[in-house]
Amino acid sequence: MKVLKFGGTSVSSQISLQNLVKIVKTEYAIDNELIVVCSALSGITNLLQKMAIDASLQQNYTIDLKEVESIHIQLIKEVLPIHFQNEVLIHHKLLLNELENILESVSYLREISPKTNDRIISFGEKWSNQIVYNLLKENIDPIISVNTKTLIKTDSNFGNAQIDFELTEKIVQDWYQTLKNQKPVVIATGFIASDISGNTTTLGRGGSDYTASVLGALLNASEIQIWTDVNGFMTADPKWVSNAKSLPFLSYAEAMELSYFGAKVIYPPTMIPVINKQIPILIKNTLNPEFIGTTIHNSTEKGNSMAKGIASVNDLALINIEGNGLIGFKGFDGRLFTALANHDVNIIMVTQAGSEHSISFALSPQDAEKAKKIILKEFKYEFLINKIEKVSIEKDVSIVAVVGENMKHRKGIAGKVFHALGKAGVNIIAIAQGSSELNISMIIKKETLKKAINAIHNDLFLSDIKNAHLFVAGIGNIGGELLKQLDQQNTKLATNHNLQLNLIGIANSKKTFIDISDLQFKNYREKLTQKGAKISFDTILENLKNTHLPNLIFVDNTADASLAFYYKKFLENNISVVTCNKIATSSQQSEYDELKKITLEKNISFLYETNVGAGLPIIKTIQDLIASGDEIIKVEAILSGTLSYIFNQYSKEKTFAQVVKDAQEKGYTEPNPVDDLSGKDFARKMLILARESGVKMEMDEIEIEPILPEVALKASNLKEFYQSLEHNETLFAHQRDKAFENKQFLRYMGTFENGKVKLAIKAVDQNHPFYGLTGSDNIIAITTNRYLNNPLVVKGPGAGACVTAAGVFADIMSAANLF
């Protein structure tokens, strides 16, 4: 025999009821002993409860009463054959009249007792029972309907009555024995019971699950099926975690823990009656009946996953009691929780410091002030003598619980959870874990709950693939090339590096767009054009925070000064930053120090390798040398592709002006070559290298020996600029010819030594690393204690969209691997 329970959404529409009929007919063909338990239509119990309250306040409840009537009449006419409708409509109207009379009495008395409230909220199951019974009557024979008020006996704790199992077992078994000969399919009301006097009682919200479990246990069913509107239990709430996975198996203990901590798939007490008899419970989806769902039984599935699921209780308060007198205070806990229990204060979670200096417990925020008053009264003397020093309330907190029987004796699970929360910037206020190791529960701020669940889920349940989420600002030459490279490599990253990079946001100079599910490396331009909003860095930050995603990386491919000054806000919100924009790292020393400090405190990434040498590994090399104990003695560098090209090409065959013009025509210079020849951009790069080497320095401390005469720097247009270069050719040629005579080449170099930086034209001979430099390549020579006689040299292209994008890509990989 099987018990099938159908929830509110499973009996509320034509489609779901059609599926219900198919499910019951299929099961009846396999096992012809069935009990079908039905909840009220979705939302009806809430409306009944609202009407009861409105009536007691003498407020208008008739609109809701008409809505209840309309909902049921419409469904009856949609799903039942015409020859059944009249009988059901009459039954519905009789119950409606009875309900209306009760509500009129409540309104007249201006009060509602728990006993009367139970009568009112029980009508929903009575109505749905008749709809389902008459719908199945045409398809199955024999079939009967029963009001479980006649079968399940409880105490008189109206609203959440406790079952008298001894009496109920006798009544249920005697009743079912009378049906043995005909073996009808039984359509039973959920939720409803009665006390010894026959007064209607209810089994608590979710009590229809409990009804099915009780009947199944008392009649030794082979299995109990709970049909709902979800595909069973999942690793997390899919409304909060988009990539939550279904769980095919759970133990009774795991299901109870997940349900207790907020997984609204099954009513927590449902497991209790069936545990001893080891009756499996199947959670299935009425709208997707072919899906395997979740089977709950006495043992969990063995596998690689340490945890099974994450659940949460969203809105709580935390009470903390502190005092040196609590240390060794015998009987304190007993007095505390007895006093709270005597005043019906329910405690959800308790945690105590090992020193016994403090004890904290979570509870409903509605009970917080009441609980504080009870504590102050119960321990009045202890407060008076300062044995207890303080009792405080912290509101707007939540519990996030990680559940799984496989966590027992598994090393590292707590560390993995805490690491995930730390990386996401989520502070843990309190922790509790029982010796069974079934559950790790943490109290956190409510505002960080979604981020916390996503962070834990990302680390525990997404196999071995690590996910990082990218917002890319700037989609021009470098940004466009970067997104192309990411698209080309993403599959290989997942296969070879267990890393998945997800594009969730994009921005150009005018528009921005964020979408955590539908934005891809191939469609970002189309999405930005069609759906992009006016760009605002404040809005971008808020939208990224509101995704509640862990492992966020903001990628800046622009030269926007105002965006660079938002890095601090991104980092403070645990969003890593990768940038080829050198404005932040070459700004005031104090601002640079602040960014580095936040990065260290938050243990996140601020990476900017491309600020100096595009794709060349210069900054990382210096950082690694220092981290490994080496000391930077001197850095010589040519970090301008433009200046490298100009001085490499300057010979007796061409004037300096001709070489500069050639560089401009080939796209090596800015539209105005003065921007390159002034040396300021080069100086910014040397400033960054000096800071990375451990020296505090400002931009105005760098000595820049000018390449150009003053008249060229002040030229009002390009024609005048080139004329001034031709006019001063003798000056340039003199330096060139003198170098040639000594078998040397001119190089415009930056030198960092003895805490100072200087940019100047130097002549180098064949013994110098820069002697053989060609084209527009960049080069750097690093002299350290370990590389004293032969400096460490890094050489290659220092500009260009392709290599710069590759450098940004490498930084993204480094940031992602830190998560």
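My aim in this report is to walk through the structure given alongside it, one point at a time. Because the structure is predicted, anything quoted here is derived from the model rather than measured. (Residues numbered from 1 in each chain as written. Predicted model: local features only at pLDDT ≥ 70, side-chain atom pairs only at ≥ 80, totals over all residues. Heavy atoms only, no water.)

1. Looking at the environment of Leu792
- Inspection of the secondary structure puts Leu792 in strand β29 (residues 792-797).
- Along the chain, Leu792 and Pro769 lie 23 residues apart, while their C-alpha atoms are 9.6 Å from each other.
- Setting aside anything within four residues of it in sequence, one finds Leu792 in contact with Thr621, Ile780, Ala781, Ile782 and Tyr787. (Helix = DSSP H or I, 4+ residues; strand = E, 2+ residues; numbered from the N terminus. Contact = heavy atoms within 4.5 Å.)

2. Observations regarding empty space enclosed by the protein
- In the structure shown here, the tally under the stated rule is three cavities of 30 Å³ or more.
- Taken as a whole, the largest cavity spans an internal volume of roughly 70 Å³.
- Contributing to the lining of the largest cavity are Lys423, Ala424, Lys451, Leu544, Lys545, Leu549, Pro550, Asn551, Leu552, Asn573, Asn574 and Ile575.
- A class-by-class count of the residues in the lining of the largest cavity yields six nonpolar, three polar and three charged.
- In this structure, the second largest cavity encloses a volume near 60 Å³.
- The wall of the second largest cavity is formed by Ala420, Lys423, Ala424, Ala455, Asn458, Asp459, Pro550, Asn551 and Phe819.
- Put simply, the parts of the chain that give the lining of the second largest cavity at least two residues each are α14 (413-423) and α15 (449-460).
- Looking at the lining of the second largest cavity element by element, the count peaks at three residues for α15. (1 Å grid on protein atoms, 1.4 Å probe; cavity = no way out; pocket = protein on both sides within 12 Å on 5 of 7 lines; lining within 4 Å. Points joined across faces, edges and corners; volume = space filled by probe spheres on them. Nonpolar A, V, L, I, M, F, W, Y, C, P; charged D, E, K, R; others polar.)

3. Some remarks on the pairing of strand β14 (residues 390-403)
- Looking at chain direction, strand β11 (residues 309-322) and β14 are connected through eleven bridges and run antiparallel. In the strand pairing of β14, Leu318 is matched with Glu394.
- Relative to strand β16 (residues 439-445), β14 runs antiparallel, the two sharing seven bridges. Note on β16: the bridge partner recorded for Ser398 is Ile444. (Pairing = 2+ DSSP bridges.)

4. A word on a nonpolar patch on the surface
- A cluster of nonpolar side chains, namely Tyr381, Leu384 and Ile385, defines an oily patch on the protein surface of about 370 Å² accessible area.
- Tracing the backbone through its elements, the reader meets Tyr381 in helix α13 (residues 380-384).
- On the accessibility criterion, Tyr381 (54% relative accessible area) is exposed. (Patch = residues over 30% accessible without salt bridge, like charges linked within 9 Å, V, L, I, M, F, W, Y side chains within 5 Å. Areas by Shrake-Rupley, 256 points an atom, 1.4 Å probe, with all protein chains shown as cover. Salt bridge = Lys/Arg side-chain N within 4 Å of Asp/Glu carboxyl O. Buried < 20%, exposed > 50% of the residue type's maximum accessible area, 1.4 Å probe, protein only.)

5. Section: the pattern of salt bridges
- According to the stated counting rule, one finds 31 salt bridges in the structure shown.
- In this structure, Glu33 engages Lys180 in a salt bridge whose closest nitrogen and oxygen atoms are separated by 3.7 Å. Linking Glu33 in the loop between α1 (14-30) and β2 (34-38) with Lys180 in the loop between α7 (165-177) and β4 (185-189), this pair joins segments that are 147 residues apart in sequence.
- Judged by its relative accessible area of 35%, Lys180 falls in the partly exposed class.
- A salt bridge links Asp487 to Lys522, with the nearest nitrogen and oxygen atoms 3.1 Å apart. Of this pair, Asp487 sits in helix α16 (residues 477-497) while Lys522 is found in the loop between β19 (511-514) and α17 (524-531), placing the two residues 35 residues apart along the sequence.
- The class of Asp487 is partly exposed, set by a relative accessible area of 27%.

6. Topic: the sheet that holds strand β26 (residues 745-753)
- With mixed pairing, six strands are arranged side by side in an open sheet as β25-β27-β26-β24-β28-β29. The open sheet has two edge strands with one neighbour each: β25 (703-704) and β29.
- Across nine bridges, the pairing between β26 and strand β27 (residues 756-764) is antiparallel. Bridged to Leu746 within β27 is Ala763.
- Running over the sheet, helix α27 (residues 680-692) touches β24 (632-638), β25, β26, β27 and β28 (777-784) and is turned about 35° from β26. (Axes fitted to C-alpha atoms, helices over the stretch in contact; angles between N-to-C directions.)

7. Observations regarding the sheet that holds strand β18 (residues 499-507)
- The seven strands are arranged β20-β19-β18-β17-β21-β22-β23 in an open sheet whose pairing can be described as mixed. At either end of the open sheet lies a strand with only one pairing partner, and these are β20 (533-534) and β23 (606-607).
- Across two bridges, the pairing between strand β22 (residues 576-579) and β23 is parallel. What sits directly across from Val578, in β23, is Leu607.
- Seen against the sheet, helix α31 (residues 801-818) touches β17 (466-473), β18, β21 (552-556), β22 and β23 and runs at an angle of roughly 120° to β18.

8. Re the layout of surface pockets
- Taken as a whole, the largest pocket spans an internal volume of roughly 2000 Å³.
- What lines the largest pocket is a set of 50 residues, among which Gly262, Ala263, Lys264, Val265 and Ile266 lie closest to the centre.
- Looking at the lining of the largest pocket, the elements with two or more residues in it are α2 (44-56), α8 (207-218), α9 (252-260) and β11.
- Among the elements that line the lining of the largest pocket, the one with the most residues is β11, at five residues.
- Tallied by class, residues from the lining of the largest pocket come to 22 nonpolar, 19 polar and nine charged.
- Surrounding the second largest pocket, 36 residues form its lining, Lys582, Glu670, Asp681, Lys685 and Ala799 being those nearest its centre.

9. Remarks on the packing of aromatic side chains
- Inspection of every chain in the model, using the stated rule, returns 22 aromatic pairs.
- An aromatic cluster is built from Phe647, Tyr650, Phe656, Phe682, Phe732 and Tyr748, whose rings are joined through pairwise contacts.
- For the cation-ring pair, Lys126 lies above Phe123, with the distance from its terminal atom to the ring centre recorded as 4.5 Å.
- Here the guanidinium or amino end of Lys137 rests over the ring plane of Phe84, the centre of that ring lying 4.7 Å away. (Phe/Tyr/Trp six-rings, centres within 6.5 Å; stacked < 30°, edge-to-face > 60°. Lys NZ or Arg CZ within 6 Å of the ring centre and 35° of its normal.)

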